[in-house]
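One-letter residues, chain by chain:
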Amino acid sequence: MDTFNAIRGMNKREFASQTVSLLYVVASALVIWKMLSVVTDCESPIVVVLTGSMEPAFWRGDILFLYMGKEPFQVGDIVVYKQPGKEIPIVHRLTTLHVDNKGRVKMLTKGDNNHSNDRYGIYNQDIWWLEREHIIGRVKGYLPYVGMVTIIMNDYPMVKFAVIGILAIMTLTSKEQ
Amino acid sequence: MFSWKSRASTIGSYSTSVLGGLVIVLALSSYILTPPSSILDVTLTANSLVKLHQYRRVGGDGALFYFDLKTDLKPLFHWNLKMVYVYLSAEYKTQRNEINQVVLWDTIVEREELNHTRKEAKKHGQLRRRPIYHTKGVLDLEDLKCKYILLDDGFNLRNQNVTFKLNWNIVPNAGLMFDQIHPKTTSMVLPSTYIKARRDQDYSAEDEIN
């Protein structure tokens, strides 16, 4: 009830200034995210692990930090790739790499927890080798568990709306001291 | 001033920043604690080549090797190391391809397995659905059959000089991932003719079809 009273007790000026500060928070989060994208050269530099195909290295709900970098690919690298027509990017390990004289790269990946490589079952029918343009990131950093928050929010959208709502109200009603 | 809200938010933000700081310290400590790859004493020899075939359906030559590999991985482990992915790679150069790298064999050594007895390790492997090759971090493998065939991108494996390397990828509890290559490598020149599987267990239906 406190919060409602707080909103009712606000005058227009106060409300406007709080809205601006809320927008400021949202905008700076967006700016930081986009900056990270530019620095790491990855469209989404932080991804959440959704499946167990890389266990025991990565478990569902772990967070991965991606960085493309200029250094050449190596077998053993963990890459994130996205195939045309498929929504969800896949995080797997490079097991075969061929680079021809013109610099064209052919790759094959495999999940640590899978028995065979991704060619049979995971790649699209028309993909025999994974190529440079399929790769959207290389895994460089790891933080366990934290991504569980996003997974819960995606599985139960109500939780997401509740969290966003509560945060918005708290920002709107917080008094500057 | 002292409402439940401000208390909760203070506790929340304080504990998150302390935790975050600790995680950063943990991640940075990896830099100091990770030894150079030469700390491991590795014996790696290409024991034998048991077949060299044309795999026409996949469009390349294939070779199957046996290895002797001996090393103790324990020196790699420190407090911010969850597991190492150890892999044996083959590297060679062909006319068409400047770089060819293929993983021939790999295994995972988890930190918790280091204290396992042989029996516990086996049980742990069953749980994870993978074979355990080490006892307490020590790999002592004689006449080890490679898990994966060395499959070329084309038919260029005859007379090819192939270099074998032992590499590992370090997965931390939290922080940055590292790749390391052991400086000692071994190499082998493949024969000038194709050879059929020299051991019964290495025949496969695929060889016959091709």
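Residue numbers here run from 1 along each chain, matching the order of that chain's written sequence. Note on labels: chains are lettered from A, ligands numbered from 1, in written order. Residues qualify for local features only when their pLDDT is at least 70, as the model is predicted, and side-chain atom pairs are given and counted only at 80 or more; totals for whole chains, interfaces and linings, by contrast, use all residues. Neither water nor hydrogens contribute to the side-chain values; these are computed over all heavy atoms in the structure.

Some words on the side chain of N124(A)
Then step 1. Helix and strand assignments follow DSSP, with helices taken as H or I runs no shorter than four residues and strands as E runs no shorter than two, numbered in order from the N terminus. Tracing the backbone shows N124(A) in the loop between β5 (105-110) and β6 (135-143).
Then step 2. Pairing of N or O atoms within 3.5 Å defines a polar contact, subject to two protein rules: one partner must be a possible hydrogen donor and the other a possible acceptor, and residues neighboring in sequence count only if both atoms are side-chain atoms. Separated by 3.0 Å, the side chains of N124(A) and K86(A) make a polar contact.

Side note on the interface of chain B and chain A
Then step 1. Two residues qualify as a contact provided that any one of their heavy atoms is within 4.5 Å of a heavy atom in the partner residue. With 38 residues of chain B in contact, the opposing surface of chain A contributes 37 residues.
Then step 2. Each of two parts loses accessible area, computed with a 1.4 Å probe, when they are put together; buried area is these two losses added. Where chain B abuts chain A, roughly 2900 Å² becomes buried across the two surfaces, and 51% of that area is made up of carbon and sulfur atoms.
Then step 3. Any carboxyl oxygen of Asp or Glu that lies within 4 Å of a side-chain nitrogen of Lys or Arg is treated as forming a salt bridge with it. Taken together, the connections running from chain B to chain A amount to one salt bridge.
Then step 4. Residue K106(A) pairs with D153(B) through a salt bridge whose shortest N-O separation is 3.0 Å.
Then step 5. Linking chain B with chain A are 17 residue pairs in polar contact (both at pLDDT 80 or more), by the criterion used here.
Then step 6. Elements with a minimum of two residues in the side of chain B that touches chain A: α1 (4-33), β3 (83-92), β4 (97-110), β8 (161-171), β9 (175-176) and β10 (178-181) of chain B.
Then step 7. The dominant element in the side of chain B that touches chain A, judged by the number of residues it contributes, is β4(B), at 10 residues.

Topic: the UniProt feature "transmembrane region" (unreviewed entry) in chain B
Then step 1. Per the UniProt entry, the sites bearing "transmembrane region" (unreviewed entry) are residues 12-33 of chain B in this numbering.
Then step 2. Secondary structure across residues 12-33 of chain B comprises 100% helix and 0% strand; the distance between its end C-alpha atoms is 31 Å. UniProt positions are given in the numbering used here, feature names are shortened, and annotations may be inferred rather than shown by experiment.

Points about the environment of L30(A)
Then step 1. Inspection of the secondary structure assignment puts L30(A) in helix α2 (residues 12-40).
Then step 2. C-alpha separation for the pair L30(A) and N113(A), spaced 83 residues apart in sequence, amounts to 35 Å.

Quick notes on the domain arrangement of chain A
All names here are of chain A.
Then step 1. Split by domain assignment, chain A resolves into domain 1 (2-40 + 157-173) and domain 2 (46-146).
Then step 2. Every contact between the two is made by four residues of domain 1 and, on the other side, five residues of domain 2.
Then step 3. Taken together, the two surfaces of domain 1 and domain 2 that pack against each other cover about 290 Å², and 64% of this comes from carbon and sulfur.
Then step 4. At the junction of domain 1 with domain 2, the criterion picks out zero salt bridges.
Then step 5. Taken together, the connections running from domain 1 to domain 2 amount to one residue pair in polar contact (both at pLDDT 80 or more). Source of the domain bounds: an automatic or database domain assignment.

Remarks on the packing of aromatic side chains
The relative placement of two aromatic rings is captured by the distance of their centres and the angle of their planes.
Then step 1. Stacked, tilted and edge-to-face are the three classes applied to pairs of Phe, Tyr and Trp rings, where Trp contributes its six-membered ring and a pair requires centres within 6.5 Å; stacked means planes under 30 degrees apart, edge-to-face means over 60, and tilted covers the rest. As enumerated under the stated definition, the model contains nine aromatic pairs over all chains in all.
Then step 2. With a centroid separation of 5.0 Å and an interplanar angle of 70°, the aromatic rings of F65(B) and F164(B) are classed as edge-to-face. Separated by 99 residues along the polypeptide, F65(B) in strand β2 (residues 60-72) and F164(B) in strand β8 bring together distant segments of the chain. Taken as a pair, F65(B) and F164(B) share a single burial class, namely buried.
Then step 3. Ring centres of F67(B) and F164(B) lie 5.0 Å apart, and the angle between their planes is 80°; on these two criteria the pair is classed as edge-to-face. Linking F67(B) in strand β2 with F164(B) in strand β8, this pair joins segments that are 97 residues apart in sequence.
Then step 4. Judged by relative accessible area, which is 0%, F164(B) ranks as buried.
Then step 5. Through successive ring pairs, a cluster of aromatic residues spans F65(B), F67(B) and F164(B).
Then step 6. Taking NZ or CZ as reference, R119(A) lies 3.8 Å from the ring centre of W128(A), over its face.
Then step 7. Look at NZ for Lys and CZ for Arg. If either is within 6 Å of the ring centre and within 35 degrees of the ring normal, a charge sits over the ring. The ring of W129(A) carries R119(A) above its face, with NZ or CZ at 4.5 Å from the centroid. Remark: exposure states derive from per-residue accessible area (1.4 Å probe, protein chains only) relative to the maximum for the residue type, with buried under 20%, exposed over 50%, and partly exposed in between.

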